[in-house]
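# Examining the three-dimensional arrangement
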Amino acid sequence: MVLEPANSAQIAPIIVEAYCLTPREQQITQCVARGLSTADIATELYLSAHTVRHRLKAIFTKFGITSRGELVAKLFAEHHGPLMHAPDADVEHVHT
């Protein structure tokens, strides 16, 4: 058996689930993590830009944050940062 750190794609859904996001909020969060704009999210999910902004506010409240950057940090940096800065971290391995 080989144990390896989980990658972003494996960790993000667990983190999202821990914050009790609705299925639509999860979709919007995934779009934000992919770097999509409000307009792009609205188009992709067949929503109005107003609805996307409203849902983002709800997501930010659940995460206790105020911006998209903080959301991405919650999803990735805070959970991968400790692994990347560990004394015995294999930097190439952590990024794959």
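That block above? That's the structure.
Residues numbered from 1 in each chain as written. Predicted model: local features only at pLDDT ≥ 70, side-chain atom pairs only at ≥ 80, totals over all residues. Heavy atoms only, no water.

### Quick look at the pattern of salt bridges
One pass over the full model with this rule turns up two salt bridges. In this structure, Arg34 engages Glu44 in a salt bridge whose closest nitrogen and oxygen atoms are separated by 2.9 Å. With a gap of ten residues between them, Arg34 in the loop between α2 (23–33) and α3 (38–45) and Glu44 in helix α3 connect regions that are remote in the sequence. Using a relative accessible area of 36% as the deciding quantity, one classes Glu44 as partly exposed. (Salt bridge = Lys/Arg side-chain N within 4 Å of Asp/Glu carboxyl O. Helix = DSSP H or I, 4+ residues; strand = E, 2+ residues; numbered from the N terminus. Buried < 20%, exposed > 50% of the residue type's maximum accessible area, 1.4 Å probe, protein only.)

### Some remarks on α3
Taken as a whole, α3 has its buried residues at Thr38, Ile41, Ala42 and Leu45. The buried side chains of α3 occupy one side of the element, clustering within an arc of 100° when seen end-on. Where α3 terminates, the next one or two residues include Tyr46, which has phi positive at roughly 55°. (Arc of directions from axis to C-beta.)

### Let's talk about unusual backbone geometry
Residues other than glycine seldom take positive phi values, yet Cys20 does so here, at roughly 55°. Here Cys20 is to be found in the loop between α1 (8–18) and α2. In this structure Cys20 comes out as exposed when scored by relative accessible area, which is 58%. Phi is positive for Tyr46, which is not a glycine, with a value near 55°. Topologically, Tyr46 is positioned in the loop between α3 and α4 (49–63). Taking relative accessible area as the criterion, Tyr46 reaches 76% and is therefore assigned exposed.

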